[in-house]
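Chain by chain, the residues:
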2 protein chains.
Amino acid sequence: MGTEIERKFLVKDDSWRASAAAGTRILQGYLASDAKITVRVRIRGDAAFLTIKGATAGIRRSEFEYPIPVDDAESMLCEMAISPVIEKIRYQVPCGAHVWDLDVFAGDNAGLVLAEVELDTEESVFEMPDWAGQEVSDDPRYYNVNLARSPFRHW
Amino acid sequence: MGTEIERKFLVKDDSWRASAAAGTRILQGYLASDAKITVRVRIRGDAAFLTIKGATAGIRRSEFEYPIPVDDAESMLCEMAISPVIEKIRYQVPCGAHVWDLDVFAGDNAGLVLAEVELDTEESVFEMPDWAGQEVSDDPRYYNVNLARSPFRHW
């Protein structure tokens, strides 16, 4: 079990690409999502994971993640997930003491780029990158499950 | 991935106990359950499993099951599952070519005993045990998720 503390920002420009490592393709979908629980299936490169997240309390939530066979993940995404499945390329970008995840969305969410930093505690200090724009941690439109239900291109 | 084909019956008497092996305690709860998907956490003896089941089509449904740490299962049952958690002792009882699961419920479902047989195909022939009563495969009250939502003692 872990507890996930994340802050999420829009991205102002492409300057982060200068310090980004090679990206990894992510396909993910949601088998369930309500106020108490989120069940996510993710294929990241050539690995796959099943992730259970509990209720969000502020920017903190319980999280359990398990590796699963990619074939199982593909079947679940095809048969059971909320449509459309989320497609994105994830880049890792160091800034100060943290490594940020930059998600460049594709498919029905093409045009959207989100930056996330994972923190040890809710009070953790972190360096704000020049390319980081408005914080959207609390905006439900940017939750990945809502990007499956109501993709960016329909906004 | 597997496909689960099960038939479920009430139990008329205790005569099955003569051919039952020692029982195993099961605690299980549901993190999500709707028409498309069921997500179950089960602690069986000293092992734990996370199970994803797809939509039911007749008596057939897709099923994916993964072993998980018992500590994770306990946290999920405590924090995230629909209350009350299901408690039962499962006994295995051979009859003809099949081994039946006899579930003797406890807690809020005490008094209920259900017998299940898993089949290879929907057309599989099986021997009906003397102790098997009315078939309840299609009665939603006996789905385990509904025994969590509406336990037997409230019927």
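As the structure is a prediction and not an experimental result, all values here were calculated from the model. (Residues numbered from 1 in each chain as written. Chains lettered and ligands numbered in written order. Predicted model: local features only at pLDDT ≥ 70, side-chain atom pairs only at ≥ 80, totals over all residues.)

Draft legend 1. Looking closely at the interface of chain A and chain B. Contacts between the two partners involve 18 residues from chain A and, on the opposite side, 18 residues from chain B. At the level of secondary structure, the elements contributing two or more residues to the side of chain A that touches chain B comprise β2 (24-33), β4 (47-53), β5 (60-68) and α1 (70-79) of chain A. Looking at the side of chain A that touches chain B residue by residue, the class counts come to 12 nonpolar, 3 polar and 3 charged. (Contact = placed C-beta atoms within 7 Å. Helix = DSSP H or I, 4+ residues; strand = E, 2+ residues; numbered from the N terminus. Nonpolar A, V, L, I, M, F, W, Y, C, P; charged D, E, K, R; others polar.)

Draft legend 2. Quick peek at the UniProt feature "active site" (unreviewed entry) in chain A. Residues and elements named next belong to chain A. UniProt annotation of "active site" (unreviewed entry) refers to Y30 when read in the numbering used here. By the element assignment, Y30 lies in strand β2. On the basis of neighbour counts, which here come to 24 C-beta atoms within 10 Å, the residue Y30 falls in the buried class. With residues up to four places along the chain from it excluded, the contact list for Y30 reads T38, V39, R40, A81, I82, V145 and A148. (UniProt positions renumbered as here; feature names shortened; annotations may be inferred. Buried ≥ 20, exposed ≤ 12 C-beta atoms within 10 Å, placed from the backbone.)

Draft legend 3. Looking closely at the relation of the copies chain A and chain B. For the pair chain A and chain B, the superposition axis carries a translation of 0.0 Å, the fit reaches an RMSD of 0.0 Å, and the rotation angle comes to 180°. Expressed as a symmetry operation, the mapping of one chain copy onto the other fits a two-fold axis. No C-alpha of chain A lies nearer the rotation axis than that of A32 of chain A, which sits 3.3 Å from it. By residue overlap, the copies meet face to face through one surface: 100% of the interface positions of chain A are interface positions in chain B. (Least-squares fit on C-alpha atoms with pLDDT ≥ 70 in both.)

Draft legend 4. Representation of the nonpolar core in the model. Grouped together as the largest cluster of nonpolar side chains are 41 residues, with contacts concentrated most on L31, V39 and M76 of chain A together with L31, V39 and M76 of chain B. If sequence neighbours within four positions are ignored, V39 of chain A has contacts with Y30, L31, A32 and I52 of chain A together with L31, A32 and V39 of chain B. (Core = buried A, V, L, I, M, F, W, Y, C linked by C-beta atoms within 7 Å.)

Draft legend 5. Quick peek at unusual backbone geometry. Cis geometry is adopted by the peptide bond preceding P84 of chain A, which originates at S83 of chain A and carries an omega value of -10°. Here P84 of chain A is to be found in the loop between α1 and β6 (86-95).

Draft legend 6. Here's a closer look at the pairing of β4 of chain A. Residues and elements named next belong to chain A. The alternating pattern of β4 places A48, L50 and I52 on a buried face and A47, F49, T51 and K53 on a face that is not buried. Where strand β3 (residues 38-44) lies against β4, 7 bridges are found, and the strand directions are antiparallel. Looking at the pairing, R40 lines up with T51 of β4. The loop that links β3 with its antiparallel partner β4 comprises 2 residues; one of these, G45, has a positive phi angle of about 60°. (Pairing = 2+ DSSP bridges.)

Draft legend 7. Structural detail: the environment of G29 of chain A. Residue and element names in this part refer to chain A. Mapped onto the elements, G29 comes out in strand β2. We classify G29 as buried; it has 23 C-beta atoms within 10 Å. Measuring from C-alpha to C-alpha, the distance between G29 and E74 comes to 9.9 Å, with 45 residues separating the pair along the chain. The contact partners of G29, leaving out residues within four places of it in the chain, are V41, L77, A81, I82, V85, I86 and A148.

Draft legend 8. Quick peek at α1 of chain A. Residues and elements named next belong to chain A. Those residues of α1 not exposed but buried are A73, M76 and L77. For α1, the angular spread of the buried residues around the axis is 100°, confining them to a single face. Away from its buried face by more than 90 degrees, α1 exposes D71 and C78. (Arc of directions from axis to C-beta.)

Draft legend 9. Up close: the environment of D14 of chain B. Mapping D14 of chain B onto the fold places it in the loop between β1 (2-11) and β2 (24-33). Between the alpha carbons of D14 of chain B and F126 of chain B there is a distance of 21 Å; along the sequence they are 112 residues apart.

Draft legend 10. Structural view of the pairing of strand β3 (residues 38-44) of chain B. All names here are of chain B. As judged from the 7 bridges shared by β2 and β3, these two strands associate in the antiparallel manner. Looking across to β3, one finds that S33 is bridged to T38. A loop of 4 residues connects β2 with β3, the two strands running antiparallel in sequence.

Draft legend 11. Region of the structure containing the environment of D108 of chain B. All names here are of chain B. Position of D108 among the secondary structure elements: in the loop between β7 (98-105) and β8 (113-118). A count of 18 C-beta atoms within 10 Å places D108 in the partly exposed class. Sequence separation between D108 and E87 is 21 residues; the distance between their C-alpha atoms is 8.2 Å. The contacts of D108, once residues within four sequence positions are left out, are P84, P151 and R153.

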